[in-house]
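Each chain, letter by letter, is given below.
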Number of protein chains: 2
Amino acid sequence: MNKNDAFFMQEALKCAQKAFLSQEVPVGALIVKDGKIISKGYNKSVKSSDTTAHAEIIAIRKACKKLKNYRLNGCTIYVTIEPCAMCAGALIWARVNRIVFGAYDAKAGACGSVFNIVSEKKLNHKIEVYGGLLEEECATIIKEFFKSKR
Amino acid sequence: MNKNDAFFMQEALKCAQKAFLSQEVPVGALIVKDGKIISKGYNKSVKSSDTTAHAEIIAIRKACKKLKNYRLNGCTIYVTIEPCAMCAGALIWARVNRIVFGAYDAKAGACGSVFNIVSEKKLNHKIEVYGGLLEEECATIIKEFFKSKR
């Protein structure tokens with residue numbers, strides 16, 4: 001764990017809160033390079049009619065645009081929940097260096113829970129992963145969301 | 001295999017040809033519902049500075065916009081190469097019914113070659129997959145592309 005990881009995860013939680021307020025599953029993400037926030041994203045797949053509009057994908061696309069590159073070497077992504085197969089796959093293609101996530105996702109997580117895409121030997125890029133940072137806060141916001149939906 | 005599968009894969013190959021002409025790895029995809037083409041896409045990740053701009057993701061996003069829905073129930077995707085983890089994951093979230101692909105991808109394929117995301121029991125959607133349709137044509141265009149790059 002790095003010294004600013006908790007700070008950046010708190011920022012990702014603020015993004016998740018925005019998703020909550022717009023009635024989307026509250027997941028937030030941000031991409032950091034050299035200690036600076038490059039992009040932020042929060043889940044908006046239902047409202048934007050876009051299956052792919054997960055927090056991570058939005059943050060990746062914005063970061064690519066900003067850095068004018070389809071690769072994000074040297075970047076870390078902070079995300080409030082374990083990335084799914086789609087997002088983990090995108091992070092591999094983006095050549096992100098590190099993934100720091102909050103809550104584990106036993107139903108769809110692809111950083112060890114259901115799949116382990118980010119450390120598959122056959123792929124030509126591996127990503128350092130740190131899971132469980134501010135796990136309780138990150139899990140709570142999602143639980144609260146689904147409770148509010150019942 | 002359905003009776004129009006080869007026709008639609010030929011259309012996907014035309015999309016791949018467009019990627020080739022713009023110097024991107026030549027992969028093409030299209031989404032079909034009730035026998036009609038809903039959307040098309042071809043790989044443009046490098047030129048558009050967007051890691052996620054694979055043929056399938058572009059076709060999914062366009063189809064979502066057209067159908068005004070983040071789900072694509074009842075749709076089939078035709079793609080010239082076996083979808084990767086990112087694209088297979090997106091197809092699961094989109095609730096696509098069927099994937100028909102051309103060439104197998106031993107390096108990154110996620111419909112059986114490296115991962116088998118589309119038939120993982122823990123996920124709450126499974127997709128019917130047919131691989132190897134017009135396999136030679138779909139593989140050849142990619143081989144020709146990389147040959148031209150050397």
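Novice: Help me understand the relation of the copies chain A and chain B, please; the structure alone is not making it clear to me.
Specialist: Each of the two chain copies can be generated from the other by rotation about an axis followed by a shift along it. For the match of chain A to chain B, the screw axis carries a shift of 0.0 Å, the RMSD comes to 0.0 Å, and the turn is 180 degrees. Look at the turn and shift together and you get a two-fold axis relating the two. Taking C-alpha positions as reference, the residue of chain A nearest the rotation axis is A:M86, located at 1.9 Å. Taken as a fraction of all interface residues of chain A, those also at the interface in chain B reach 100%, which identifies the copy contact as same-surface.

Novice: Please clarify how the interface of chain A and chain B should be interpreted in this entry.
Specialist: Often the size quoted for an interface is simply the accessible area lost on bringing the parts together. Listed per partner, the contact involves 34 residues of chain A and 34 residues of chain B. Across the chain A/chain B interface, buried area totals approximately 2700 Å², and carbon plus sulfur atoms make up 66% of it. Looking only at chain A, the three residues that lose the most surface to chain B are A:T51, A:Y70 and A:W93, adding up to 23% of its buried area. For the interface between chain A and chain B, the tally reads two salt bridges. Between A:R61 and B:D50 there is a salt bridge whose closest N-O contact spans 2.9 Å. Our count for the chain A to chain B interface comes out at eight residue pairs in polar contact (both at pLDDT 80 or more). Taken together, the elements giving at least two residues each to the side of chain A that touches chain B come down to α2 (55-67) and α3 (85-93) of chain A. When the residues that make up the side of chain A that touches chain B are grouped by side-chain class, the tally is 16 nonpolar, 10 polar and eight charged.

Definitions and limits used
Residues numbered from 1 in each chain as written. Chains lettered and ligands numbered in written order. Predicted model: local features only at pLDDT ≥ 70, side-chain atom pairs only at ≥ 80, totals over all residues. Heavy atoms only, no water. Least-squares fit on C-alpha atoms with pLDDT ≥ 70 in both. Contact = heavy atoms within 4.5 Å. Buried area = accessible area lost by both parts, 1.4 Å probe. Salt bridge = Lys/Arg side-chain N within 4 Å of Asp/Glu carboxyl O. Polar contact = N/O pair within 3.5 Å; in protein donor to acceptor, adjacent residues only side chain to side chain. Helix = DSSP H or I, 4+ residues; strand = E, 2+ residues; numbered from the N terminus. Nonpolar A, V, L, I, M, F, W, Y, C, P; charged D, E, K, R; others polar.

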